[in-house]
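A closer look at the structure
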Amino acid sequence: MSHPPIESQLLAKLRAVSFPTLGHFLEEGFAESGIRSLLSNVKVVGRAATLMLADADALAVNQALAGLGQGDVLVIDMAGDHHHAPVGAVTACAAACAGAQAIIVDGVVTDLLELRAAGLPVFARGTSLLTTKRRGTGRSKFNVPVQCGGVLVQPGDLVLADDNGVFFADLATVAGIVEQALTSDHAEPAILSRLRAGEPVGQVLCPQS
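What comes next concerns the included structure. As the structure is a computational prediction, the values presented were derived from the model and not from experiment.

1. Overview of the packing of helix H1 (residues 8-16) against helix H7 (residues 178-196)
Relative orientation of the contacting elements H1 and H7 amounts to 35°, with a least axis distance of 10 Å. Here H1 runs over H7; the crossing is left-handed. Residue-level contacts link Leu 10, Lys 13, Leu 14 and Ala 16 of H1 to Val 178, Glu 179 and Leu 182 of H7. Here the residues of the contact of H1 with H7 sort into five nonpolar, no polar and two charged.

2. Here's the deal with unusual backbone geometry
The phi dihedral of Asn 41 falls on the positive side, at around 60°, and the residue is not glycine. Its location among the elements puts Asn 41 in the loop between strand S1 (36-37) and strand S2 (43-52). A relative accessible area of 74% places Asn 41 in the exposed class. The backbone of Asp 111 sits at a positive phi, close to 60°, despite the residue not being glycine. By the element assignment, Asp 111 lies in the loop between strand S5 (108-109) and helix H5 (112-118).

Rules behind the numbers
- Residues numbered from 1 in each chain as written.
- Predicted model: local features only at pLDDT ≥ 70, side-chain atom pairs only at ≥ 80, totals over all residues.
- Heavy atoms only, no water.
- Axes fitted to C-alpha atoms, helices over the stretch in contact; angles between N-to-C directions.
- Helix = DSSP H or I, 4+ residues; strand = E, 2+ residues; numbered from the N terminus.
- Left-handed = near helix turned anticlockwise from the far one by under 90°.
- Contact = heavy atoms within 4.5 Å.
- Nonpolar A, V, L, I, M, F, W, Y, C, P; charged D, E, K, R; others polar.
- Buried < 20%, exposed > 50% of the residue type's maximum accessible area, 1.4 Å probe, protein only.

Here it is, written out as structure tokens:
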């Protein structure tokens, strides 16, 4: 089941804002730094479609892929299994063809060169040659609350991710802060210009109130 699209005005703001700027105003929702983009120069805005993967079950991954919709980000909770890779070239291709924006794995992936060539943003803790198997145990769960990088992720949560990291939040939280973040972004070029022009650092960064 895909989730409702993000309202167009908010989507435009999210695509414009620098994601690290959100970290100036918020403290929760930021995934652990071990989960990194395996591609360069990516920026992802989407809605979480979650998978709690049990038993390194490749069949459950395939079933989750069949449930993806336009704008989804597949978020896979490996329950601490950082050995089996649930995502590779075919998985990423299937996700992209379903309209997914990205895949985020709290674990490892495989087929690194193929993933980079395909271009779908993939975030993980690393890579492995060991992959999941078609077990069909039925213990995995799709679109349930999961843990990813130390963050509780609800199905439909907003997912913002780039080369710096991954952030999860409900829409209301981000909608309430994005204007402040954009204002901060717009002020940054002037600050950089003043510093590069030789203005004292204390005068620029520590102005008298």
